[in-house]
Each structure stands twice: as structure tokens, then as C-alpha cells.
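# Residue-level structure breakdown
The lines below spell out each chain.
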Amino acid sequence: MTRSRAARFLILSSVVLALLAGFALWQVNRELARRGSAGFSGAVTGVQIGGPFELIDHTGAAVTEKSFGDRHLLIYFGYTFCPDVCPTELAGMATAVDRLGADAAKVQPLFITVDPARDTVEVMADYVGLFHPDLVGLTGSDEQIASAARAYRVYYGRAETDDPDHYLMDHSSLVYLMAPDGSNLIVFPYGTRPDAMADAIRDAL
Ligand code: NI
């Protein structure tokens, strides 16, 4: 193929793939809406999700899973340099928390970085405020982050790149609702609509 034909082919394939992905997400959301909050479950797999962590919050304070009193934890793992997936999911989480109304006080949203090399306390402090005043950003040493990610079965890794300062991270993208006793109540798939998330959280509180 010539270069322009190759380019046209690539663009066309991307458009088709994007349409297919959009359709798949629409179907998932429609199915979740049909089933209501019963569509979400962390217990289905039988795999234990969650566990103790020791991290540093965006004010520089050392925290653990027990630092948030009797609130439920709404946890998302990602990184601030993420171009699309993380901001989309964090915005959705923030909207879901707002839709809880008075029940929002019972839920602590947390954003745990999988990129502690770049996501310092200062970077996290600047970032979380963009999404929600209650959102707490958590970072830590490589070992602390690895340990927290392991507890939540989160996959992450640095994507191959020629530019060491502008690398991307591959990472799983799920939102976890944890009870105050540390047990996992719900795992929300990526792209869960904020109102569906809020309904499921309210049912679980
Ligand atoms: Ni991301």
C-alpha cells in the first residue's frame, strides 16, 4: 500500500474500532441499568479484594485504610499523567459522590497513584482538587504502591516509550466500594454511569 492508502486504512480502522467500543460500552451500561445495582458485585469472583495499606496523602500525612473513620471507601487506582481514562473515571466518581447528597458524608473517595515516580505529594495535591473537594490523593514508595495494588488485584506497568519523561502507564481501571470493616462491597467496571454508581452505593451503605 502507498503511505496515504495506509494512513486512510489506519484512520478507517480506528473509527470502526471506536464505534465498536462505544457500542459495547452502551450495551454494558444498558444491561447494568436494566439489572439495577444488583448488576455490580465484588463477591461474584470469590477473590478477596482489598487489604491493609500504608500510603502518603496529598497533604503529606501518612495514612492507612483505618485513617478514614467509619466511612466507606470509594477507591480508584490511576495516575495524573493519564490522558483520558483516569480523568473520565475520577470525574464520574465525583459526580456519583455528589449525587449521594447527605449520604456523601459516609463515603471517602480515594485516588491511589500507580505512578509514584511522577505523582509526588505536590502533584497529587494539585490534581485531586480538579475533581472533588473531598477526593484524597494517595502516593507512596514503589513498595507501598505495589503492596496496595496487590491487595486490590490492580494490574499496572509502564508502557514502552522512546520518551522517558512522557511515558504512559497501563493499568486496570475499576472503582472499589469498601465497607468500614475493610470488606469489598462492590467493584464497578470502567465506564459505569455516575447515577448507577450512586444508586448502588446508596443501596450498599
Ligand atoms: Ni489511566
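Residues numbered from 1 in each chain as written. Predicted model: local features only at pLDDT ≥ 70, side-chain atom pairs only at ≥ 80, totals over all residues. Heavy atoms only, no water.

For the coordinates displayed, the defined rule picks out 5 salt bridges. As a salt-bridge pair, Asp-103 and Lys-106 come within 3.1 Å of each other at their nearest N and O atoms. Residue class for Lys-106 comes out partly exposed when judged on its relative accessible area of 45%. Note that Asp-195 is salt-bridged to Arg-193, the shortest N-O span being 3.1 Å. Judged by its relative accessible area of 32%, Asp-195 is partly exposed. Assessed through its relative accessible area of 29%, Arg-193 is described here as partly exposed. (Salt bridge = Lys/Arg side-chain N within 4 Å of Asp/Glu carboxyl O. Buried < 20%, exposed > 50% of the residue type's maximum accessible area, 1.4 Å probe, protein only.)

Looking at the nickel ion, one finds its protein donor set to be Cys-82 (SG), Cys-86 (SG) and His-171 (NE2), positioned 2.0 to 2.2 Å from the metal centre. In the primary sequence, the donor residues of the nickel ion line up as C-x3-C-x84-H. Separated by 89 residues along the polypeptide, Cys-82 in the loop between β3 (72-78) and α2 (85-99) and His-171 in strand β7 (residues 169-171) bring together distant segments of the chain. Classification of His-171 as buried rests on a relative accessible area of 16%. (Donors = N, O, S within 2.8 Å, 3.2 Å for Na, K, Ca; no water. Helix = DSSP H or I, 4+ residues; strand = E, 2+ residues; numbered from the N terminus.)

For the pair α2 and helix α5 (residues 194-204), the least separation of the axes is 8 Å and the interaxial angle reads 50°. In this view, α2 runs oblique relative to α5, as classed from their interaxial angle. Between α2 and α5 lies a crossing whose hand is right-handed. Residues Glu-89, Gly-92, Met-93, Thr-95, Ala-96 and Arg-99 of α2 lie in contact with α5, whose contacting residues are Pro-194, Asp-195, Met-197, Ala-198 and Arg-202. The class makeup of the residues in the contact of α2 with α5 is 5 nonpolar, 2 polar and 4 charged. (Axes fitted to C-alpha atoms, helices over the stretch in contact; angles between N-to-C directions. Parallel < 35°, antiparallel > 145°, perpendicular 65-115°, else oblique. Left-handed = near helix turned anticlockwise from the far one by under 90°. Contact = heavy atoms within 4.5 Å. Nonpolar A, V, L, I, M, F, W, Y, C, P; charged D, E, K, R; others polar.)

Along the chain, Ser-173 turns up in the loop between β7 and β8 (175-178). A distance of 2.6 Å separates the side chain of Ser-173 from the side chain of Tyr-76, its partner in a polar contact. Every residue in contact with Ser-173, bar those within four places of it in the chain, is listed here: Tyr-76, Val-85, Glu-89, Pro-189 and Tyr-190. (Polar contact = N/O pair within 3.5 Å; in protein donor to acceptor, adjacent residues only side chain to side chain.)

What describes a pair of aromatic rings is the distance from one ring centre to the other and the angle between the planes of the rings. Within the structure shown, the criterion is met by 6 aromatic pairs. Both rings, one in Tyr-76 and one in Phe-111, keep their centres 6.4 Å apart while their planes meet at 15°; by these two values the pair is stacked. Residue Tyr-76 is located in strand β3, and its partner Phe-111 is located in strand β4 (residues 107-113); the two are separated by 35 residues in the primary sequence. Taking the centre distance of 6.4 Å and the plane angle of 85° together, the rings of Phe-77 and Tyr-176 count as edge-to-face. Of this pair, Phe-77 sits in strand β3 while Tyr-176 is found in strand β8, placing the two residues 99 residues apart along the sequence. Owing to a relative accessible area of 1%, Phe-77 belongs among the buried residues under this scheme. One aromatic cluster is present, formed by Tyr-76, Phe-111, Tyr-127 and Phe-131 through successive ring pairs. Above the plane of the ring of Phe-81 lies Arg-118, whose end atom (NZ or CZ) is 4.3 Å from the centre. (Phe/Tyr/Trp six-rings, centres within 6.5 Å; stacked < 30°, edge-to-face > 60°. Lys NZ or Arg CZ within 6 Å of the ring centre and 35° of its normal.)

With that out of the way, let us pick up the confidence of the model for the protein. On average, residues of the protein score 86 in pLDDT, and 78% of them are at 70 or above. Across residues 33-38, where pLDDT falls below 50, the model places 3 contacts with residues more than four positions away in sequence or in other chains. (pLDDT = per-residue confidence, 0-100.)

Those residues of helix α4 (residues 142-151) that fall on the buried side of the exposure criterion are Ile-145, Ala-148, Ala-149 and Ala-151. Looking down the long axis of α4, one finds its buried residues gathered within 160° of arc, a one-sided arrangement. With respect to the buried face of α4, the exposed residues turned more than 90 degrees away are Asp-142, Glu-143 and Arg-150. Looking at the buried positions of α4, the neighbouring elements they touch are β1 (54-57), β3, β4, β5 (136-139) and β6 (156-158). Two residues or fewer after α4 comes Arg-153, characterised by a positive phi angle close to 60°. (Arc of directions from axis to C-beta.)

Summarising the element assignment, Gly-78 is placed in strand β3. Residue class for Gly-78 comes out buried when judged on its relative accessible area of 0%. Gly-78 sits 76 residues away from Val-154 along the chain, and the two C-alpha atoms are 9.7 Å apart. Setting aside its immediate chain neighbours within four residues, Gly-78 contacts Cys-86, Phe-111, Ile-112, Thr-113, Val-114, Asp-115 and His-171.

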